[in-house]
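Structural characterization, general
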Amino acid sequence: MSPTHVAARARAATVPAQPSVVTAAAWLRAPSAAPGVFRVRPLHGEATASYTQRLADTYQLTLPQLLDGAGITLTGHGTPPTAELHLSPAARHHLAALACIPLPHLRRALPHLALPDDAHDTEMAAHWKRLEAGQQPVRACTLCTRHRSHGATGTAWVHRPPHRLVCPRHHQADPRLASTVRTWAAPELATAHHAHQRLLRHPRASTAWTAARAITSRWYDHQQHLTHRWHTRLTRLRAANPHLTTAGNASPALLTRDLVIYPETVALARALAALPNRPHLDAGKALNLIAHRLGLPRLASNANDPLRAFLTHTRP
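Let us look at the structure shown here. (Residues numbered from 1 in each chain as written. Predicted model: local features only at pLDDT ≥ 70, side-chain atom pairs only at ≥ 80, totals over all residues. Heavy atoms only, no water.)

Focus: the overall build of the protein
To keep it simple, the criterion reads: For helices the rule is a DSSP run of H or I covering at least 4 residues; for strands it is a run of E covering at least 2, with both sets numbered from the N terminus onward. A simple rule labels every residue: compare its accessible area, found with a 1.4 Å probe on the protein chains alone, to the largest value its type can have, and call it buried under 20%, exposed over 50%, or partly exposed in between. Whether two residues are in contact is decided by their heavy atoms: any pair within 4.5 Å suffices. Only the protein chains shown count as cover for residues, and the accessible areas themselves come from Shrake-Rupley with a 1.4 Å probe.
Check the secondary structure of the protein and you find 15 helices and eight strands. Per-residue burial over the protein gives 44% buried out of 316 residues. Once local pairs closer than 6 in sequence are excluded, the contacts in the protein between residues at least 24 apart make up 71%. In the form shown here, the protein has an accessible surface area of approximately 17000 Å², with 56% of it arising from carbon and sulfur atoms.

A look at the environment of L113
Among the structural elements, L113 can be located in the loop between α6 (103-109) and β3 (125-130). Spatially, the C-alpha atoms of L113 and T48 are 5.9 Å apart, while their sequence positions differ by 65 residues.

A look at the sheet that holds strand β8 (residues 181-182)
Here is the rule we go by: Any two strands with at least two DSSP bridges between them are considered paired.
Strand order in the open sheet formed by three strands is β6-β7-β8, with antiparallel pairing between adjacent strands. Two strands in the sheet have a free side with no partner beyond their single neighbour: β6 (166-167) and β8. Where strand β7 (residues 172-173) lies against β8, two bridges are found, and the strand directions are antiparallel. Directly across from A173, in β8, lies its bridge partner V181.

Side note on the nonpolar core
Under the convention used in this document: Working definition of a nonpolar core: buried Ala, Val, Leu, Ile, Met, Phe, Trp, Tyr and Cys residues. They are joined through side-chain atoms within 4.5 Å.
Of all hydrophobic cores here, the largest spans 43 residues; its most connected members are W219, L268, L272, I290, L307 and L311. Elements with a minimum of two residues in this core: α8 (188-199), α9 (205-221), α10 (227-240), α12 (257-260), α13 (262-274), α14 (283-293) and α15 (306-314). Examining the composition of this core, we find that eight residues originate from one element, α9, more than from any other. Core analysis: the second largest hydrophobic core is formed by 28 residues, Y51, L61, L113 and A126 among them.

Re the pairing of strand β2 (residues 83-87)
Look at any regular strand and the pattern is simple: side chains alternate between the two faces of the sheet. The element β2 is extensively covered by neighbouring structure, given that five of its five residues are classed as buried. Across five bridges, the pairing between β2 and β3 is antiparallel. Counterpart to L87 in the pairing with β3 is A126.

Things to note about unusual backbone geometry
A cis amide bond links P80 to the next residue, P81, at an omega of 10°. Here P81 is to be found in the loop between β1 (73-75) and β2. In this model, H225 sits at a positive phi of 65°, which is unusual for a non-glycine residue. As for its placement among the helices and strands, H225 is situated in the loop between α9 and α10.

The structure is reproduced here in structure tokens:
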């Protein structure tokens, strides 16, 4: 029996018996959404295509087979993370029923599930849309994914905010590679993750993080201040993840940059968020305070240093 027939039987079993006389109005009514057997929980920020694929994996179906069995017409071709799946409102209701998850919960978890331009679309339809490189989701923690997929798959794609760079529970991260990076060799990354969560409570967290990441990225690229510490961390990550050296044309130093500089970026962001406004700011004292926060004896007072430029010219 084909997967389509299996899904059709499941739908039929949930519909109570009706009189044999079928009216014209009955033919015009859209079929009700059939509840699924498995409750598949979404990951926060997960791409719609990723979630739908995980749901299909749970039922041991392909994504087209799953949608066809739910009565949803699929057009186009694509796969996550390079393409996203857009569902009509009616199709969303059927997906939520099949996943055994209330639709409002799905909307909160899947950022691309509800689109404002199709609010009046009554078709049971889904279509693929290609994503630009900067819009593509990244790989989620494989162990978190397996836990929420009934063990059917370890692959999921999420639109991850900066404060979720690592999974502190399973010591994994994703620097946009085909496979995840194990971070157990650098436990300071998990510590930085927890510090980042505390930073988020500060009213200037967003601007401080943006500035700190730009500054530490510049230091990393130009080998300033923290080069020895970052080189040591990179060496540990490479030893724990041999696949980093065979990840195509990009160097491990570039692929793991966000991970390598993460603890210092968080520390710098927290220091910047706590600084007073410019009329009360002493740049020299601020540099000494930040050096202490970064575990350095001092920061070189180079006029071209991005931190000094931020403190004296950029910061309001």
